[in-house]
Amino acid sequence: MSDDCIFCRIVAGKLPAHRLYEDDLCLAFLDLHPIRAGHTLIIPKKHHVWFEDIPPATSARIMALGQQFARAMKGEWGVERVSFFYTGIHVPHAHAHIVPMHHPHDVSSAAYLKDGIDGFSLPPSPDDSELTKVATRLRQRL
Ligand SMILES: [Zn+2]
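**Q** Can you tell me about the nonpolar core, naming the residues and giving the values?
**A** Within the largest apolar cluster, 29 residues are counted, with the highest numbers of intra-cluster contacts made by Cys26, Ala28, Phe29, Ile42, Ile43, Phe69 and Ile98. At the level of elements, helix H1 (6-11), strand E2 (26-30), strand E3 (40-44), helix H2 (56-77), strand E5 (96-101) and helix H3 (128-141) are the ones that each hand at least two residues to this core. Counting residues per element, this core draws most heavily on H2, which supplies six residues. Setting aside anything within four residues of it in sequence, one finds Ile42 in contact with Cys26, Ala28, Ile62, Leu65, Gly66, His95, Ala96 and Ile98.

**Q** Kindly report on the pairing of strand E1 (residues 19-22), identifying the contributing residues and their values.
**A** Across three bridges, E1 lies against E2 in antiparallel orientation. Bridge pairing in E2 links Glu22 to Leu27. Connecting E1 to the antiparallel partner E2 that follows it, the hairpin turn spans three residues.

**Q** I'd love a proper account of the environment of Ser83, names of residues and values included.
**A** Topologically, Ser83 is positioned in strand E4 (residues 81-86). With 13 residues separating them in the primary sequence, Ser83 and Ala96 have C-alpha atoms 9.8 Å apart. Setting aside its immediate chain neighbours within four residues, Ser83 contacts Val99, Met101 and Val107.

Rules used throughout
Residues numbered from 1 in each chain as written. Predicted model: local features only at pLDDT ≥ 70, side-chain atom pairs only at ≥ 80, totals over all residues. Core = buried A, V, L, I, M, F, W, Y, C linked by C-beta atoms within 7 Å. Buried ≥ 20, exposed ≤ 12 C-beta atoms within 10 Å, placed from the backbone. Helix = DSSP H or I, 4+ residues; strand = E, 2+ residues; numbered from the N terminus. Contact = placed C-beta atoms within 7 Å. Pairing = 2+ DSSP bridges.

Right, here's the structure in full:
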């Protein structure tokens, strides 16, 4: 654990999060700046900066959990596809993004690049009650 890593602090219960699932290797919780409702992050409980450094057993668990979330999201939001990706941006603790895709360009378009590539801005953060509702919906599907 790294004391200055916000994701390690979430794992340790020192910071709040809308936790959706956890086991001995990984933790899933809602992204605070969701591209779409239900946007989830899955992280290894141990601190690894890059996804390629995650031990194979843990990365396989994260992928299997991502598949489980994808099925839940398709059932909950009726979307055709769910994306799963690592970017290595914002928090230096490897985290997989799981996003229900309501539009083919939800995670690949210039929708958030209106100020240019250097002006990338995060989507707005919903209030906590909205995140609580979304977390409840997802937990019921897992
Ligand atoms: Zn960390």
